[in-house]
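As a plain string of letters, each chain reads:
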Amino acid sequence: MAYTEEELKKELETKEYEYGFYTDIESDTFPVGLNEDIVRAISKKKEEPGWMTEWRVEAFRAWEQMKEPEWANIHYEKPDFQKISYYSAPKKKDKYNSLDEVDPELLDTFNKLGISLEEQKRLAGVAIDVVMDSVSVATTFRETLAEKGIIFCSISEAIREYPELVKKYIGTVVPQRDNFYAALNSAVFSDGSFCYIPEGVRCPMELSTYFRINQAGTGQFERTLVIADKGSYVSYLEGCTAPMRDENQLHAAVVELIALDDAEIKYSTVQNWFPGGKDGKGGVFNFVTKRGLCETNAKISWTQVETGSAITWKYPSCVLKGDHSVGEFYSIAVTNNYQQADTGTKMIHLGKNTRSTIISKGISAGKSQNSYRGLVQVNSRAANARNFSQCDSLLMGNNCGAHTFPYIEAKNKTAQIEHEATTSKIGEDQIFYCNQRGIDTEKAIALIVNGFSKEVLNKLPMEFAVEAQKLLEISLEGSVG
Amino acid sequence: MLKINNLHAGVEGKEILKGIDLEVNAGEVHAIMGPNGSGKSTLSSVIAGKEEFEVTGGEILFEGEDVDELAAEERAHKGIFLSFQYPVEIPGVSVTNFMRTAINETRKARGLEEMPASEMLKKIREKSELLEIDRNFLSRSLNEGFSGGEKKRNEIFQMAMLEPRLAILDETDSGLDIDALRIVSNGVNKLRSKDNAVIVITHYQRLLDYIVPDFVHVLLDGKIVKSGTAELAHVLEEKGYDWIKQEKVSN
């Protein structure tokens, strides 16, 4: 039974929430529903300073006034935000000092996901900040990074230990009231990752976060903040899986990237959340706001492979504020069965001689709908801005859809903007050709899809590219024939 | 090796092959000639197992086994190769990658390990030299932007790589200039052995000057109406198909 409002207030007053409401079950989870008290309770539970609490409350108040956006080419039953629990943490409160202390069941889950920490630890070059159901439970390689002055930790920890950095940058790229989901995230974000690369430092390894949703009925609100100080470089990997669920799960993350002068951030995502069953039942609702800010001569590159989620609403964007800054977006979005994706990017050219590249590959199968939506905006100040966009769609079968919505707004005469788009279909002839060479239909599709996606796959770090390639194959299994 | 008995087949209820009998033994080269619409390409597609064609009667035996229930890739694994009249493009998939996948899938089906990279490389080098193929060509996307001649040469390169028991060359000569024709024919001739067989499907006698067949069959309206030796092709060249049509009528 859920708590009533009255009971909840009482609980909050008696501070019992510090020890969790559900001490008898595996994780401690807040009762469902959202109000200002819940927002304050989350902040308190995470031992946040007062400014953070107020920041969240401000966001919540803005959110209350906002309406869910309806312009995207997606159709779904809107989540009831009062039926979601906004906080869920693994039962152990303490951080682990070594793997031996970690719950064996948790380790088992990681192994199933193919991310054994033991193996990862040996695999030099990848440090992992694992987010399990909203709260970080393990961090590796922290010390190696610390030697270079690199901070890589959970955002909760960053709020406690590096408040000045967080306070300075959080919400500067994605303001609290940016959009409905960003406002919601700002109010209730449970955890996420924080990364700071000091001036002139080249991060020696790929920073990698694996996170997943594993608690039915709990929303997931990740918040990521990456700051690359002047002249620094970092490559950040984000990958996720989710177990089977019958209910829809809401996910509304916010990722903010800040690339100061001459800095470069490469942000790669492989997203494989539960897409719903073959009948279109269940699946994750993914409403994400990702945006990066480039100062002078800085570069931000987004690469994403999106195969999961029932609904994807996601537009990783670049604000090219500084002169000579560069924004890139490379995307593969796969939809199968009843999945719907409305994804793309925004390239906002503010500085002079700014450049952006957009390569989007949409693959639709089954009864899915796949839309590219992109905005290229050239400000009046942005002399000699250049953009190249290429949007390719690949269709499989006769019941899916591919849509392209490119928006171009140029307010400077010197702007050069190119847009190319193609739509093709995997033909019976292509499949038969492969079959005749001894390649079965599943493999043939994988081959054709990988060929189609090659330009984007090539942008991923090696180990991620292999994983992504496998994912493409799995996602399209049984989609033809 | 291949035995076709009274084969009837068609597409969407329309019968195209109306009782084909054909026997091809190891070491032989057969040419199938006939005018447009006589069913030549249908025959090659049916042997290769293209799904849109329906076999309504008769049987195809390959190495004594009825292939009717076998999928196209399974027939390929058994050693049936089709050089396509119109090879399709697969963007982003290099010739090398495609060949590696095809070879390893076939090996897997035969219970073999993947071919070691060094062996693969050696083979690619050897076969590309045989067909006078530039190495840069192998890194290009399969058939994308290839000229007609390049496409056909690529088909024969694939045949050389896969070393089939039975190769069916469907109009391999169309779109080839005289130099390309010579290179392709030369390649095919070098690949001939006592263990494999080739079926050459063509409109014209021209190709048969280079790849000399042991037998020539004339396909007309879904039936083989005449069979003979290489000499038959010359007679056809001289007299045209009308001669056979008339002969058929008078019979």
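The rules behind each value
Residues numbered from 1 in each chain as written. Chains lettered and ligands numbered in written order. Predicted model: local features only at pLDDT ≥ 70, side-chain atom pairs only at ≥ 80, totals over all residues. Heavy atoms only, no water. Helix = DSSP H or I, 4+ residues; strand = E, 2+ residues; numbered from the N terminus. Buried < 20%, exposed > 50% of the residue type's maximum accessible area, 1.4 Å probe, protein only. Areas by Shrake-Rupley, 256 points an atom, 1.4 Å probe, with all protein chains shown as cover. Pairing = 2+ DSSP bridges. Contact = heavy atoms within 4.5 Å. Buried area = accessible area lost by both parts, 1.4 Å probe. Salt bridge = Lys/Arg side-chain N within 4 Å of Asp/Glu carboxyl O. Polar contact = N/O pair within 3.5 Å; in protein donor to acceptor, adjacent residues only side chain to side chain. Nonpolar A, V, L, I, M, F, W, Y, C, P; charged D, E, K, R; others polar. Expected span 1.5 Å × (residues − 1). Axes fitted to C-alpha atoms, helices over the stretch in contact; angles between N-to-C directions. Left-handed = near helix turned anticlockwise from the far one by under 90°. Parallel < 35°, antiparallel > 145°, perpendicular 65-115°, else oblique. Phe/Tyr/Trp six-rings, centres within 6.5 Å; stacked < 30°, edge-to-face > 60°. Lys NZ or Arg CZ within 6 Å of the ring centre and 35° of its normal.

Comments concerning the overall build of chain B
For chain B, the helix and strand inventory stands at nine helices and twelve strands. Expressed as a percentage of its 251 residues, the buried residues of chain B come to 55%. Entry remark: accessible area of chain B is about 11,300 Å², with carbon and sulfur atoms responsible for 46%.

So, the sheet that holds strand S2 (residues 14-24) of chain B
Residue and element names in this part refer to chain B. Spatially, the four strands line up as an open sheet ordered S2-S1-S4-S5, and their pairing is antiparallel. The sheet is open, and its two borders are formed by S2 and strand S5 (65-66), each paired with just one other strand. Strand direction decides the pairing type here: strand S4 (residues 54-62) and S5, joined by two bridges, are antiparallel. Bridged to Phe62 within S5 is Glu65.

Here's the deal with the interface of chain B and chain A
Taken residue by residue, the interface counts 30 residues in chain B and 18 residues in chain A. At the boundary of chain B with chain A, total buried surface from both sides reaches about 2,000 Å², with 65% on carbon and sulfur atoms. Looking at the side of chain B facing chain A, the largest losses of area belong to Glu73, Phe84 and Val88 of chain B, adding up to 24% of the total buried there. Between the two partners, chain B and chain A, sit two salt bridges. Put simply, Arg437 of chain A and Glu155 of chain B hold a salt bridge, and the shortest N to O gap is 2.6 Å. For the pair chain B and chain A, the number of links is eleven residue pairs in polar contact (both at pLDDT 80 or more). Contributing elements (two or more residues each) for the side of chain B that touches chain A: helix H1 (40-48), helix H2 (72-77), strand S6 (80-83), strand S7 (90-94), helix H3 (95-109) and helix H5 (148-162) of chain B. The element contributing the most residues to the side of chain B that touches chain A is H3 of chain B, with six residues. Residues that form the side of chain B that touches chain A fall into these classes: 16 nonpolar, nine polar and five charged.

Here's the deal with helix H3 (residues 50-65) of chain A
All names here are of chain A. In this model, H3 (16 residues) spans 23 Å end to end at C-alpha, consistent with the 22 Å of a helix rising 1.5 Å per residue. Considered for burial, the residues of H3 that qualify are Met52, Thr53, Trp55, Arg56, Val57, Ala59, Phe60, Ala62 and Trp63. Elements in contact with the buried residues of H3: helix H2 (36-45), helix H7 (155-161), helix H9 (180-188) and strand S8 (223-228).

Describing the pattern of salt bridges
Residue and element names in this part refer to chain A. Overall, the coordinates contain 28 salt bridges over all chains when judged by the stated rule. Between Glu36 and Arg40 there is a salt bridge, with the nearest N and O atoms lying 3.3 Å from each other. Placement of both Glu36 and Arg40 in helix H2 is noted, with a separation of four residues, approximately one turn of the helix. For Arg40, a relative accessible area of 31% corresponds to the partly exposed category. For Lys314, the salt bridge identified is with Glu306, shortest N-O distance 2.2 Å. For Glu306, a relative accessible area of 2% corresponds to the buried category.

Notes on the packing of helix H10 (residues 428-436) of chain A against helix H11 (residues 441-457) of chain A
Residue and element names in this part refer to chain A. Put simply, H10 and H11 touch, their axes get as near as 9 Å, and they point 115° apart. For the element pair H10 and H11, the recorded crossing hand is right-handed. Across the interface between the two elements, Gln430, Ile431, Cys434 and Asn435 from H10 touch Thr441, Ala444, Ile445, Leu447 and Ile448 from H11. In terms of residue class, the contact of H10 with H11 is made up of six nonpolar, three polar and no charged.

Side note on the sheet that holds strand S10 (residues 197-202) of chain B
Residues and elements named next belong to chain B. The strand order across the open sheet formed by six strands is S6-S9-S10-S3-S11-S12, and the pairing between neighbours is mixed. At either margin of the open sheet sits one strand with a lone partner, and together these are S6 and strand S12 (223-228). When strand polarity is set aside, the average angle formed by the axes of neighbouring strands in this sheet is 20°.

As for the environment of Asp392 of chain A
Residue and element names in this part refer to chain A. Mapped onto the secondary structure, Asp392 falls in strand S21 (residues 386-395). Between the C-alpha atoms of Asp392 and Thr423, which are 31 residues apart in sequence, the distance is 5.8 Å. Apart from the residues within four sequence positions on either side, Asp392 is in contact with Ser360, Lys361, Gly362, Ala421, Thr422 and Phe452. Separated by 2.8 Å, the side chains of Asp392 and Lys361 make a polar contact.

Regarding the pairing of strand S13 (residues 283-294) of chain A
Residue and element names in this part refer to chain A. The element S13 is extensively covered by neighbouring structure, given that twelve of its twelve residues are classed as buried. As judged from the six bridges shared by strand S11 (residues 254-259) and S13, these two strands associate in the parallel manner. Each bridged residue has a counterpart across the sheet, and for Leu257 the counterpart in S13 is Gly292. By the bridge criterion, four bridges tie S13 to strand S15 (residues 311-314) in an arrangement that is parallel.

Overview of the packing of H2 of chain A against H3 of chain A
All names here are of chain A. It is at 9 Å that the axes of H2 and H3 come closest, and there the two elements cross at 150°. One finds that H2 runs roughly antiparallel with respect to H3. At the point where H2 passes H3, the crossing takes the right-handed sense. Note on element contacts: H3 touches H2 through Met52, Thr53, Glu54, Arg56, Val57, Phe60 and Arg61, opposite Glu36, Val39, Arg40, Ile42 and Ser43. Here the residues of the contact of H2 with H3 sort into five nonpolar, two polar and five charged.

As for the packing of aromatic side chains
The tally for this structure, following the rule as stated, stands at 23 aromatic pairs over all chains. Plain terms: the ring middles of Trp63 of chain A and Phe180 of chain A are 5.5 Å apart, the flat faces sit at 45° to each other, and that makes the pair tilted. Taken together, the positions of Trp63 of chain A in helix H3 and Phe180 of chain A in helix H9 put the pair 117 residues apart, joining distant regions of the chain. When sorted by exposure, Trp63 of chain A lands in the same class as Phe180 of chain A, which is buried. Relative to Phe84 of chain B, the ring of Tyr433 of chain A has its centre 4.8 Å away and its plane inclined at 40°; by these criteria the two rings are tilted. You can see Tyr433 of chain A sitting in helix H10 and its partner Phe84 of chain B sitting in the loop between S6 and S7, one on each of two chains. Phe84 of chain B carries the same exposure label as Tyr433 of chain A, and that label is buried. Three or more aromatic residues link up through ring pairs in this structure, and these residues are Phe60, Trp63, Trp71, Tyr76, Phe81, Phe180, Tyr181, Phe285, Phe287, Trp313 and Tyr315 of chain A. Lying across the ring of Phe452 of chain A, Lys361 of chain A places its NZ or CZ 5.1 Å from the centre. When the ring centre of Phe405 of chain A is taken as reference, the NZ or CZ atom of Arg373 of chain A above it lies at 4.5 Å.

Some remarks on H9 of chain A
When you tally the buried positions in H9 of chain A, you get nine out of nine residues, the bulk of the element. By the burial criterion, the buried members of H9 of chain A are Phe180, Tyr181, Ala182, Ala183, Leu184, Asn185, Ser186, Ala187 and Val188 of chain A.

Function-wise, these values are silent; they only describe arrangement.
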